[in-house]
Each structure stands twice: as structure tokens, then as C-alpha cells.
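Breakdown of the fold
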Amino acid sequence: MSTSSEVKRITTHTLQKMKAAGKKISMLTAYDFSFAKIFDEAGIDVLLVGDSASNVMAGHETTLPITLDQMVYHAQSVIRGAKRCLVVVDLPFGSYQSNGDIALASAIRIMKETGAHAIKLEGGAEVVDSVKRIISAGIPVMAHLGLTPQSIYKFGTYNVRAKEEAEAAKLKSDARLLEEAGCFAVVLEKIPALLAKEVSENLTVPTIGIGAGKYCDGQVLVMHDMLGINIEFKPRFLRQYLNLYEEISGAVKHYIEDVKSNDFPSDAESY
Ligand code: KIV
């Protein structure tokens, strides 16, 4: 039972209602307690514990190396900071592709050990049976189509996907299948804006775009990219809201100077 002092949690149903009411959904990635707390208190609708942690937290070139154990650790940290928003956790590469039993076991681990509210996985028709299996256990699933980074070695590049008719047709059919399977939202990554518009208009569940233009029902960015921590990554779709790399580097240089010159700590900063 909830009391009036408790914060009302955003749920998958809230997102459905937001789409129906034409209200845009804001989503960011988060991987730890401190940032999750700031983003949650700032009013973000959804936090994604993305397998992009493999890149931005662990320094790997791709999302493939991150393990289910590592995703559980990141998700446990995020959930402690997120009191109001919906928290979605990526199933990492290798934790769901083999079959529905393995996919369900991975999703159950995430839900049981982290307290997160939903999982996300990549792919279309090829993962629909696993999606149905996970949803039948009561676990909400967010889908992810277009540029799916776990398939980077199949694609060969991080270029825009579904520019050709055949791939666009498969994406539209996958989106329909995933909605029919019961997914509560679909991430559309790096596809033409007009294709994302068509998919968004044809689905009743919300689409969340990253590099998919303004017609999606919501937008997601990787926190390190939008905060300018990761300054080497500057794709056209990215809006960088801060240059934290410069801010942090400046602060650290200042601290080093203060330590070397014996300016820090002062008497007032001592016991
Ligand atoms: O892992 C991630 O950060 C993602 C977003 C790019 C959608 O999947």
C-alpha cells in the first residue's frame, strides 16, 4: 500500500499513457548509484542500464564482452538511486540468444537480484519466442531494432541501418511482431527519421529513438555522450549538453596544483 509521502513510480503503463496523450518520453542510460540519483531527481522518465557500460564504464570497444554478472552489479547500483523512474536493464550478449529457457533464466536473474522493472534485448523475429517466454513470466520487455550493437560484427559498421527497402520492410515487420508478442516499447537506433515515423505511427506501444529523428515517442542518449565525458564520440544525432571532460580535467589540474604547492589543505580544512 502506498502512502502520500511515497513517490509515484513511473511504470510501463505510464509510458503507454504518455504515448496516447502525445507526451514525449525521456530516457538516459545510467550505470551507478550517484548518476542514477541525479537523473531520477531531475525528472527523467526511464533509466536504461545499458550494455553500453561495456564501452563507457569498462573501456571495451564493443558491447559484447560485458557479462550478466556485471550487468547485475550495475543495475543493483542504479536501482538504489532511482526512486521514481522506470529502470530497464539490458540483457547482455550471450545471455538470451541461444534459446527461450536461457533468455528467461537471464531475465529472472536481473529481476530477482536487482529489483529492476523491465529488461531490454536486441533483435526482431529471431528473438520473438524468447520475448514471449520472458513476458509469460510477468517480466516486461523493451525491444531494440535498427542498429543493434550486439550484432556489430555482422553489420561491420555503426552506419545508419534500414536505408534499403528490404531492411526497412524487415524492421517494420519485426516491430509489429514484437508489439504482438507483448513488448511495452521499442528502441529504434540509427534509422532514417521517416522510417521511424512510420513505425511509431503504426505501433500502439511507444518507440524510443536514438539517432532515429524527432517522430519517435521518446528519446534516449548514452549519459557519457550527452554530458561530454566521452568527447571522442560525436555522431550527427548526438546533442552534447555539457563538456564534462573539460570541466573535470580542469578541476583535477587545479587540485594537482593545489596539492603540489601546499595550498591544499589549508588550516580551515584541517582538524
Ligand atoms: O546500451 C545502450 O546504451 C543502449 C542504448 C544505446 C539504447 O542500448
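Residues numbered from 1 in each chain as written. Predicted model: local features only at pLDDT ≥ 70, side-chain atom pairs only at ≥ 80, totals over all residues. Heavy atoms only, no water.

**Here we look at the nonpolar core**
Convention followed: Buried residues of nine kinds, namely Ala, Val, Leu, Ile, Met, Phe, Trp, Tyr and Cys, make up a nonpolar core once their side-chain atoms join them within 4.5 Å. Only protein chains enter the accessibility calculation, which uses a 1.4 Å probe. A residue is then buried if its area is under 20% of the maximum for its type, exposed if over 50%, and partly exposed in between. Helix and strand definitions follow DSSP, with helices as H or I runs of at least four residues and strands as E runs of at least two, each counted in order from the N terminus. Any pair of residues with heavy atoms lying within 4.5 Å of one another is described as a contacting pair.
Leu47, Val87, Ile119, Leu121, Ile134 and Leu188 are the most contacted members of the largest nonpolar core, which has 61 residues in total. Looking at this core element by element, the count peaks at six residues for helix 4 (residues 68-81). Ile119 has contacts with Val88, Val89, Leu91, Ala107, Ile110, Met111, Ile134, Ile139, Pro140, Val141 and Met142, leaving out every residue within four places of it along the chain. One finds Ile25, Val46, Leu86 and Ile210 within the second-largest nonpolar core, a separate group that totals 17 residues.

**Regarding the environment of Ala268**
Tracing the chain through its elements places Ala268 in the segment after helix 11 (244-260). Remark: the alpha-carbon pair of Ala268 and Lys132, spanning 136 residues in sequence, is separated by 62 Å.

**Here's the deal with the packing of helix 4 against helix 5 (residues 100-114)**
Note the following rule: All axes are obtained by fitting lines to C-alpha atoms, using only the stretch in contact for helices, and the reported angles, taken between N-to-C directions, cover 0 to 180 degrees. The handedness criterion is simple: a crossing whose near helix is rotated anticlockwise from the far helix by less than a right angle is left-handed, and one whose near helix is rotated clockwise is right-handed. When residues are grouped by polarity, Ala, Val, Leu, Ile, Met, Phe, Trp, Tyr, Cys and Pro land in nonpolar, Asp, Glu, Lys and Arg in charged, and all others, Gly among them, in polar.
Relative orientation of the contacting elements helix 4 and helix 5 amounts to 35 degrees, with a least axis distance of 9 Å. For the element pair helix 4 and helix 5, the recorded crossing hand is right-handed. Together, Leu68, Asp69, Val72, Ala75, Gln76 and Ile79 of helix 4 and Ser106, Arg109, Ile110, Glu113 and Thr114 of helix 5 make up the contact between the two elements. For the contact of helix 4 with helix 5, the residue count by class is five nonpolar, three polar and three charged.

**Some words on the site of the ligand**
Convention followed: Being near a molecule or strand, for a residue, means having at least one of its heavy atoms within 4 Å of it. In the analysis that follows, any N or O atom pair within 3.5 Å is treated as a polar contact, provided that within protein one partner can donate a hydrogen and the other can accept it, and provided that, for residues neighboring in sequence, both atoms belong to side chains. Surface exposure here means Shrake-Rupley accessible area, sampled with a 1.4 Å probe, where a residue is shielded only by the protein chains that are shown.
Close to the ligand lie Thr29, Leu48, Gly50, Asp51, Ser52, Asp90, Lys120, His144, Glu189, Ile210 and Val222. Within the contact set of the ligand, an oxygen atom lies 2.9 Å away from a side-chain nitrogen or oxygen of Asp51. Within the side chain of Asp90, a nitrogen or oxygen atom sits 3.1 Å from an oxygen atom of the ligand. Look at the ligand: alone it shows 260 Å² of surface, and the protein chains cover 95% of it. Residue composition of the shell around the ligand, by class: three nonpolar, four polar and four charged.

**Re the domain arrangement of the chain**
For clarity, the threshold we go by: Where a domain begins and ends is set by an automatic assignment or by a domain database.
When its domains are assigned, the chain resolves into domain 1 (12-240) and domain 2 (244-271). Of note, the centres of domain 1 and domain 2, computed from C-alpha atoms alone, are 39 Å apart.

**A word on unusual backbone geometry**
Of note, the amide linkage connecting Phe264 to Pro265 takes the cis form, showing an omega dihedral of 0 degrees. With respect to the helices and strands, Pro265 occurs in the segment after helix 11. Its identity as a non-glycine residue notwithstanding, Ala162 has a phi of 60 degrees, on the positive side. Position of Ala162 among the secondary structure elements: in the loop between helix 7 (152-155) and helix 8 (165-181). A positive phi angle, near 50 degrees, is found at Lys190, a position not held by glycine. The class of Lys190 is buried, set by a relative accessible area of 19%.

**Quick word on the packing of aromatic side chains**
Keep this limit in mind: Two rings from Phe, Tyr or Trp (for Trp, the six-membered ring) form a pair when their centres sit within 6.5 Å of each other. Planes less than 30 degrees apart are called stacked, planes more than 60 degrees apart edge-to-face, and all others tilted. The criterion is that NZ of a Lys, or CZ of an Arg, lies within 6 Å of the ring centre and within 35 degrees of the ring normal, and then a charge sits over that ring.
Under the criterion given, the structure shown has three aromatic pairs. The interplanar angle of 70 degrees and the centroid separation of 6.4 Å between the aromatic rings of Phe233 and Phe237 together place this pair among those described as edge-to-face. A relative accessible area of 35% places Phe233 in the partly exposed class. Just above the ring of Phe155 sits the side chain of Arg161; from NZ or CZ to the centre is 3.9 Å. Note that Lys197 overlies the ring of Tyr215, its terminal NZ or CZ placed 5.4 Å from the centroid.

**Looking at helix 11**
Where we set the bar: Expected helix span is computed as 1.5 Å times (number of residues minus one).
End to end, helix 11 covers 24 Å across 17 residues, agreeing with the expected 24 Å (1.5 Å per residue, within 8%). Just past helix 11, the residue Asn262 takes up positive phi, approximately 65 degrees.

**Structural notes on the sheet that holds strand 6 (residues 185-189)**
Think of a sheet as strands paired side by side through backbone hydrogen bonds, with each pair either parallel or antiparallel. As a reminder, the rule being used: For two strands to count as paired, DSSP must find a minimum of two bridges between them.
Taken in spatial order, the eight strands line up as 1-2-3-4-5-6-7-8 and close into a barrel, and their pairing is parallel. With direction set aside, neighbouring strand axes in the sheet form an average angle of 25 degrees. Of the pairings in the sheet, the one linking strand 4 (residues 118-120) to strand 5 (residues 141-146) comprises two bridges and is parallel in character. Within strand 5, the position partnered with Ile119 by the bridge is Val141. Contacts between helix 8 and the sheet are confined to strand 5 and strand 6, with strand 5 contributing the most and set at about 175 degrees to the helix.

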